[in-house]
Structures are given as C-alpha cells and as structure tokens.
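So you can see what is in the structure, the chains are spelled out below.
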Amino acid sequence: MGALSRRQFLTAAALSSLAGCTGAGTVSDPGGATDESGSTGGAGPDAVPTSDEGLPLPTEPSALRRQARSGGPAKDGIPSIDEPEFVGADAADYLDPGDPVFGVARDGTAKAYPQKILAQHEIVNDELAGTNVAVTYCPLTGTVQGFERGATTFGVSGRLINSNLVMYDRATEAWWPQILATSIPGPWNEDPELRSLREFRLVWTTWEQWRAHRPETTVLSTRTGHAKNYERDPYGSYNPRGGYYDGDSLLFPALNESDRFPKKTVVMGARTADGAAAFLKRSLRDRRVMTGTIGEVPVIAVSDPRLDTGYVYRNPDEHGFEPDGDAVTGPDGASHAPDALPLDRIHTFDAMWFAWAGYYPDTDVYE
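Residues numbered from 1 in each chain as written. Predicted model: local features only at pLDDT ≥ 70, side-chain atom pairs only at ≥ 80, totals over all residues. Heavy atoms only, no water.

> What am I meant to see in the overall build of the protein chain here?
The helix and strand inventory of the protein chain stands at seven helices and 26 strands. Every one of the 367 residues in the protein chain was classed for burial, and the buried ones make up 56%. Residue pairs in contact within the protein chain that sit at least 24 positions apart in sequence constitute 64% of those at least 6 positions apart. When the accessible surface of the protein chain is split by element, carbon and sulfur atoms take 45% of a total near 14700 Å². (Helix = DSSP H or I, 4+ residues; strand = E, 2+ residues; numbered from the N terminus. Buried < 20%, exposed > 50% of the residue type's maximum accessible area, 1.4 Å probe, protein only. Contact = heavy atoms within 4.5 Å. Areas by Shrake-Rupley, 256 points an atom, 1.4 Å probe, with all protein chains shown as cover.)

Structure representation (structure tokens):
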C-alpha cells in the first residue's frame, strides 16, 4: 500500500463506483470565474476572518511553500461541498453506529459531518448558527478543523505539506496548511499577510456516541451535488479499521521523522503562540486527567468518556481536578462537564503522531 500514490488511491475508488466517474470533475465555483493561471480573483485580505493571536510555524512561510508537493488531484480536483444539505438523525440510514463523525454544537444548533463523506471532499463550506464556517478534514493526517470563513469559501489546493491538506481561500488565494491554520505564500498569492484563522472545535467521535449526546443533531447528507459512492472510502476504513488508517506506512514523507510512537498513533494536540503539547489519546482515555505545560504555562487535559475525546485548558494556578464519573470535580468540590471547566480552554484536536511531530518537532509530549 505504501507504494500507491494518492492519485492512485482516488482513481481506484472512482473506478470502483459507476457514479464516481461522472462526479470527478464537477466543481462549483462560488468565488468567480477561473482564469488560465488557476486564479479566481476575489477580495482583499479582510475577507478572511483571522485571529488576533498568531499560531506558531515550524519554519519560515517560504520554506513551508518549498515543502509543498502535489497530492495527485489538481486545484479543486477534490471538490469542496459548497451547498451542503442536512437530514435529521432518523434519516441518516447511511451511517452505522460505529462510523466516525465530526460533531459540533453551537447556540442550539448541532451538526454531524460523516468522515466517509469528507474523505472525498475534505472541505464543507457551511453556515453554523449564523456564522459562515468551513469544516475541513485531512484523511492522511487524521485531522478535522473548523474555521470561520467570512464571505469567502475555501477550496482544496491539490498540494500537501507534511501529508497535510493545504487549503486556499477564494478571496485572496493564499495557501492555508490545515493543521497550522496560518497563511503561507503560494502560486496564486506570492505575498499574503501572515495571519492565523479563527478556529472552532469539532469533536471526532462515533455516530452512536454523538447521536446519544445530541439527539437533536442534523447530519450532512449524501446529496452533495457530486456523484460519489460514499460507502467506499478511497483510503481504507475506520469501521472496521483498515487500509491506510490501519498500517504504519505513509504515502508521503513526514516533514520531521519521529519514532517515539507508531506513525498513526492518535494524540490530542494543542498549540498556542507559546508552543505546542501532545497528549497521547489512549493515555488520556485511561487516566482521565493529565497535566503538562505549553511553553511555560501549566495546562490540564481532561478526557470526555461521553464522546471519547479530550480537552486542554490553561491552568496557571495549577488547580487540581479529579475525574468523577463522566464529569470532573474541581478544587472547590463543584462538578463540571469535561468541556466546561472554569478555565481558559485551548483549541485541541485529534492528529496522527507523525503529522503533529512533523509540524511541531519541539512539542511537549505527555503519555
């Protein structure tokens, strides 16, 4: 399997489905007409909402650009979903209980994005409780990230860095490596302003767990506007685990090699302007509460058994918290849900170890 290119993975999947062939070149273009250089033109940099605090980069933006390589499909060859439709939980008969979904809840709205749909699109340009967002997933690094997108949309550039999806926005055409969430130069915008996106959390869980936790949820429909066979993941399977997701082989070299863990070991990663930390997910699951630092700042990680996920918080006063069933008890004896400790929560997400270590070679690791 390691000898197959990403193009071969995707081509094999398309040929296996009668419907898949007709949808391969179907790309919506909400950002404007494409000229011969591949540019869609667009608005200025303020069209993309960005954070006040920049995130760390492992090297200079220009050096990251030099690390970019073709993933096989060209720009928008993996088509984003730009007009998503949703169905109620009872109508999601295309999901089995153990299928992975990416869940989010905000202001009374709960949504689930099935992994097996995003594996063939990687980006969903959506709206969440009145905010325009992009839900992004990279199958090769096992990372799901949510970003505010303003009035523009994001697309798949066709390039990879550290095996990780490189997005582009259709307003400025800057490149945005998904894990780094920070703009770098590319062929369609040679000198973008260095900025980091506004992120929001999506929870990697199973359909059974998400539906039990959020019974009011809606689910991304298979009516995506593209003819695809969503019963076949071109890279393998998570339910049961197989193919690329199961072995230790990579399709592309890691940016920085680390043999501390098997390459696809899952960590809960958190990073700020001060640095990065990774908590081994299986250890967090077993221990429920772990402590560490990001830079010089003490942090605490807690697991959430309800969804088999975890959260990281700044804990400058190093308050003690203890697991108590599905909840966590604080120093004052009060009980808190794992996602609602009375501390400053840091954006945290699942990642394959090789990808996290590739981008953050100086990361602190807690196991």
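On we go.
> Could you clarify how one ought to interpret the confidence of the model for the protein chain in this entry?
Low pLDDT means the predicted atomic positions in that stretch should not be read closely. The predicted model of the protein chain averages 90 in pLDDT, with 88% of residues at 70 or higher. Predicted confidence for residues 11–42 stays below pLDDT 50, and this span has 50 contacts to residues more than four positions away or in other chains. (pLDDT = per-residue confidence, 0-100.)

> Please explain the sheet that holds strand β16 (residues 266–272) as it appears in this structure.
Working definition: the strands of a sheet are paired by backbone hydrogen bonds and lie parallel or antiparallel to each other. Strand order in this open sheet of four strands is β25-β16-β17-β26, and the pairing throughout is mixed. Two strands lie at the open edges of the sheet, namely β25 (348–352) and β26 (364–366), each paired on one side alone. On average, each strand axis in the sheet is inclined to that of its neighbour by 30 degrees, with strand direction left out of account. Relative to strand β17 (residues 275–280), β16 runs antiparallel, the two sharing six bridges. Opposite Met268, over in β17, you have Phe279 as the bridge partner. (Pairing = 2+ DSSP bridges. Axes fitted to C-alpha atoms, helices over the stretch in contact; angles between N-to-C directions.)

> What should I look at first to understand the sheet that holds strand β5 (residues 123–128) in this one?
Sheet architecture is open: four strands sit in the order β5-β6-β7-β11, paired in antiparallel fashion. Both edges of this open sheet fall to β5 and β11 (199–200), since each of them pairs with a single strand only. Judged from the six bridges that link them, strand β6 (residues 131–138) and strand β7 (residues 143–148) form a sheet pairing that is antiparallel. Note on β7: the bridge partner recorded for Tyr137 is Val144.

> What is the right way to look at the packing of aromatic side chains in this model?
Here a ring pair, both rings aromatic, is described through the centre-centre distance and the interplanar angle of the planes. Counted according to the given criterion, the structure contains 14 aromatic pairs. Pairing Phe154 with Trp176 gives two aromatic rings, centres 6.5 Å apart and planes at 75 degrees, and the pair type is edge-to-face. Of the two residues, Phe154 is situated in strand β8 (residues 154–161) and Trp176 in strand β10 (residues 175–177); the sequence distance between them amounts to 22 residues. Residues Phe154 and Trp176 agree in their burial class; the two are buried. Seen from their ring centres, Tyr238 and Tyr245 are 4.1 Å apart, and the 20 degrees between their planes marks the pair as stacked. No difference in accessibility class separates Tyr238 from Tyr245, as the two residues are buried. An aromatic cluster of three or more residues is present, and its members are Phe102, Tyr137, Trp204, Tyr238, Tyr244 and Tyr245. Just above the ring of Phe86 sits the side chain of Lys111; from NZ or CZ to the centre is 4.3 Å. (Phe/Tyr/Trp six-rings, centres within 6.5 Å; stacked < 30°, edge-to-face > 60°. Lys NZ or Arg CZ within 6 Å of the ring centre and 35° of its normal.)

> How should the nonpolar core be read in this particular structure?
The tendency in soluble globular proteins is for nonpolar side chains to be buried as a group. In this structure, Tyr113, Tyr137, Trp207, Tyr244 and Trp356 are the most contacted members of the largest nonpolar core, which totals 89 residues. If you tally residues by element for this core, the top one is helix α7 (residues 353–359), at six residues. Excluding anything up to four places from it in sequence, Trp207 contacts Ala89, Ala92, Leu95, Asp96, Pro97, Asp99, Val101, Ala112, Thr217 and Val219. Of all hydrophobic cores here, the second largest spans 12 residues; its members include Ala277, Met290, Ile294 and Ala301. (Core = buried A, V, L, I, M, F, W, Y, C linked by side-chain atoms within 4.5 Å.)

> Mind showing me how you'd approach the side chain of Arg271 here?
Along the polypeptide, Arg271 turns up in strand β16. A distance of 2.7 Å separates the side chain of Arg271 from the backbone oxygen of Ile179, its partner in a polar contact. Engagement of the side chain of Arg271 in a polar contact is seen with the side chain of Tyr360, the distance being 3.2 Å. (Polar contact = N/O pair within 3.5 Å; in protein donor to acceptor, adjacent residues only side chain to side chain.)

> Whenever I open this one, a negative patch on the surface confuses me. Can you help?
Taken together, the side chains of Asp52, Glu53, Asp274 and Glu296 make up a negatively charged region of the molecular surface. Among the secondary structure elements, Asp52 is positioned in the loop between α2 (20–23) and α3 (61–67). (Patch = residues over 30% accessible without salt bridge, like charges linked within 9 Å, V, L, I, M, F, W, Y side chains within 5 Å. Salt bridge = Lys/Arg side-chain N within 4 Å of Asp/Glu carboxyl O. Lys, Arg positive; Asp, Glu negative; His and termini not counted. Charge placed at Lys NZ, Arg CZ, Asp CG, Glu CD.)

> Mind showing me how you'd approach the pairing of strand β19 (residues 297–304) here?
Two faces belong to every sheet, and in a regular strand the side chains alternate between them. The element β19 is extensively covered by neighbouring structure, given that seven of its eight residues are classed as buried. With six bridges connecting them, strand β18 (residues 289–294) and β19 associate as antiparallel partners. Bridge pairing in β19 links Thr293 to Pro298. The loop that links β18 with its antiparallel partner β19 comprises two residues; one of these, Gly295, has a positive phi angle of about 65 degrees. Judged from the six bridges that link them, β19 and strand β20 (residues 309–314) form a sheet pairing that is antiparallel. Directly across from Asp304, in β20, lies its bridge partner Thr309. Here β19 folds back onto β20, and the loop between the two strands holds four residues, one of which, Asp308, carries a positive phi near 55 degrees.

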